[in-house]
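Notes for the structure review
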Amino acid sequence: MDKLNVIFDIDGVIVDSEQLHFDVLRELAPDQTCHIQPQQLIGLSLSETLNEIGVPLQAQTSITDRIISVYKEKLSEHYLRPGIIPLIAALQQNGIVFGFVSTAPREVCLANLSLLNLKDKPALISGDDVERTKPFPDPYLAMLRLKGMDVQQTLVIEDTDLGIAAAKQAGIPWIYAWPHALSVAEQYKQASCVIESLADIPQFSGINAKLM
């Protein structure tokens, strides 16, 4: 790969936040989530999640605002996944173009990315920025256009089958699945490789980063 580009999913990849999302949802919508397991909601947008658990449409705007507020209150650096901070620093030092793609609302994405203390405004495509989100390729296609990335020189790090399907449809050749505790229902059949740590990604072998 002559010129590397990297696209990160956010929830589950930058931050190990899937359980936190579910805990907030259970706190604010206990009746709708009492028979739901968190892994059933992995990869869904917030609006899809509220539809899935049966929150009435007329109540969704109000509960969405509360969910985002409580999530931001509970979020901390504790949720950052191992190796993310040194990897981002190394990408910046080496002039490697990178961006972030998520199904989450932009406000949630920015809260998560604030933990990285980026020196520049992040390149971000959130669930608010596209009409169709994952598993459609639209978010990844939007990021490729936004940063002028050559698709053949791009790799993606994802944690869900929905995200992997989106990246695959966008024509991205290198898609790495990085599981976490709630990934038990994911199959990763379309992933290039399933990794245990960021150090398992061969394209990162030449950059100066402590990824373990």
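Look above for the structure.
Residues numbered from 1 in each chain as written. Predicted model: local features only at pLDDT ≥ 70, side-chain atom pairs only at ≥ 80, totals over all residues. Heavy atoms only, no water.

As for the packing of helix α4 (residues 57–74) against helix α6 (residues 106–113)
Packed helix pairs are specified by the crossing angle of their axes together with the interaxial distance, meaning the distance between the axes. Our working definition: Axis lines are fitted to C-alpha atoms, over the contacting stretch for helices. Their N-to-C directions set the angle, which ranges from 0 to 180 degrees. Each helix is a run of H or I in the DSSP string that is no shorter than four residues. Each strand is a run of E no shorter than two, and both are numbered from the N terminus. Any angle that falls under 35 degrees is termed roughly parallel, while one over 145 is termed roughly antiparallel, one within 65 to 115 roughly perpendicular, and all others oblique. Working rule for contacts: check all heavy atoms of both residues, and any pair within 4.5 Å makes them a contact. Throughout this entry, Asp, Glu, Lys and Arg are counted as charged residues, while Ala, Val, Leu, Ile, Met, Phe, Trp, Tyr, Cys and Pro are counted as nonpolar. The remaining residues, Gly among them, count as polar.
Running from amino to carboxyl end, α4 crosses α6 at an angle of 5°, the nearest separation of the two axes being 10 Å. In terms of their interaxial angle, α4 and α6 are classed as roughly parallel. Facing Ile68, Tyr71 and Lys72 of α4, the residues of α6 in contact are Glu107, Val108, Ala111 and Asn112. Per-class residue counts for the contact of α4 with α6 are four nonpolar, one polar and two charged.

Some words on the sheet that holds strand β2 (residues 97–101)
Threshold: When DSSP finds two or more bridges between a pair of strands, those strands are recorded as paired.
Ordered in space as β3-β2-β1-β4-β5-β6, the six strands form an open sheet in which the pairing is parallel. Each edge of the sheet is formed by a strand with only one pairing partner; in this case those strands are β3 (124–125) and β6 (193–194). The pairing of strand β5 (residues 174–177) with β6 spans two bridges and is parallel. In the sheet register, alanine 177 faces β6, and the bridge partner there is valine 194. Contacts from helix α5 (residues 84–93) reach β1 (5–9) and β2, with the element oriented near 150° to β1.

A closer look at helix α7 (residues 138–147)
Condition: When a residue's accessible area, from a 1.4 Å probe over protein chains only, is under 20% of the maximum for its type it is buried; when over 50% it is exposed; and in between it is partly exposed.
Taken together, the buried positions of α7 are occupied by Asp138, Pro139, Tyr140, Ala142, Met143 and Leu144. Against the buried residues of α7 lie β1, β2, β3, β4 (154–158) and α8 (161–169).

What about the pattern of salt bridges?
Let me state the cut-off plainly: When a carboxyl oxygen of Asp or Glu is within 4 Å of a side-chain nitrogen of Lys or Arg, the pair counts as a salt bridge.
With the rule as written, the count across this model stands at six salt bridges. For aspartate 129, the salt bridge goes to arginine 106, with nearest N and O atoms at 2.7 Å. One end of the pair, aspartate 129, is in the loop between β3 and α7; the other, arginine 106, is in helix α6, with 23 residues separating them in the sequence. Assessed through its relative accessible area of 28%, arginine 106 is described here as partly exposed. Taking the shortest distance from any N to any O, the salt bridge between lysine 134 and glutamate 158 comes out at 2.7 Å. Highlighted residues: lysine 134 in the loop between β3 and α7 and glutamate 158 in strand β4, separated in sequence by 24 residues. Accessibility expressed as a relative area gives 3% for lysine 134, which makes it buried. Each of Asp9, Lys134 and Glu158 takes part in salt bridges that share partners, so that together they form one network.

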